[in-house]
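Tertiary structure, described
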Amino acid sequence: MATIEKTLTITEKVYVRVRLANEADIHHIYKLFYQIHEYHNYTHLYKATESSLCDLLFDKVNPKPLYYGPSVLLLEVSPTPFSDINNKDEKFKPVLKQFDLRAPVVDKEHEDFKSKSCGDDEKNDVYIAGYSFFYANYSCFYDKAGIYFESLYFRESYRKLGMGRLLFGTVASIAANNGFSSVEGIVAVWNKKSYDFYVDMGVEIFDEFRYGKLVGDALQKYADKEKV
């Protein structure tokens, strides 16, 4: 059940689809990436444009095998059920699920995040709620590539509903089913809810390691030292 006026209000059940992003989604991906930078107070570090993101995520000049290049899974929501369409040409079969709601979901941004890639001409009530961003990484510890889980983010209206487990679990399934050695990434120790979430999902936290980054002016100091 839903009411759509200036805000989208979903009651009782919300229907969910996880699918692989495509070029038609780039505007929404750009906005979601900006929002996660806002959440962490890092907007001053956000240098991407829609064009540069499109080149990064959908590189047609040097395409990489599925899941090895930068990959985005989008989680879409709808007040009505999705069709389980079996498209053999799809690189990734969308994951469908429904969630029972304890309280209504009120989405004031729904028009800004209306999906342009519904895959169903008769369905126009699909909205992008969140994403996961990941790509292949390599380590001397393993003889196969792993997956680096760069970020997971939901718009505020769709947090604390259990959707994070679905999205992270989908990435883990991709890794397990496609021969990757691991799923790894940064866990913010200051964010107890996030920390507990990843531990509960089976992630082992290595407290003896700290993440380091060489970026900006610090990186450019090396620009003329040795050209490779």
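Predicted model only: the values in this text are computed from it and were never measured. (Residues numbered from 1 in each chain as written. Predicted model: local features only at pLDDT ≥ 70, side-chain atom pairs only at ≥ 80, totals over all residues. Heavy atoms only, no water.)

Moving on to the packing of helix H3 (residues 163–177) against helix H4 (residues 192–200). For the pair H3 and H4, interaxial distance at closest approach is 11 Å and the crossing angle is 50°. On the basis of the axis angle, H3 is oblique to H4. In terms of crossing hand, the pair formed by H3 and H4 is right-handed. Here Gly164, Arg165 and Phe168 of H3 lie close against H4, whose contacting residues are Phe197, Tyr198 and Asp200. Its residues assigned to classes, the contact of H3 with H4 shows three nonpolar, one polar and two charged. (Axes fitted to C-alpha atoms, helices over the stretch in contact; angles between N-to-C directions. Helix = DSSP H or I, 4+ residues; strand = E, 2+ residues; numbered from the N terminus. Parallel < 35°, antiparallel > 145°, perpendicular 65-115°, else oblique. Left-handed = near helix turned anticlockwise from the far one by under 90°. Contact = heavy atoms within 4.5 Å. Nonpolar A, V, L, I, M, F, W, Y, C, P; charged D, E, K, R; others polar.)

This part takes up the pattern of salt bridges. Scanning the entire structure with this criterion turns up 10 salt bridges. With a closest N to O distance of 2.9 Å, Arg155 and Asp107 form a salt bridge. Of this pair, Arg155 sits in the loop between strand S8 (146–154) and H3 while Asp107 is found in strand S6 (residues 105–107), placing the two residues 48 residues apart along the sequence. Per residue, the accessibility class of Arg155 equals that of Asp107, and both read buried. By sharing partners, the salt bridges in this structure join Arg17, Arg19, Asp25 and Glu76 into a single network. (Salt bridge = Lys/Arg side-chain N within 4 Å of Asp/Glu carboxyl O. Buried < 20%, exposed > 50% of the residue type's maximum accessible area, 1.4 Å probe, protein only.)

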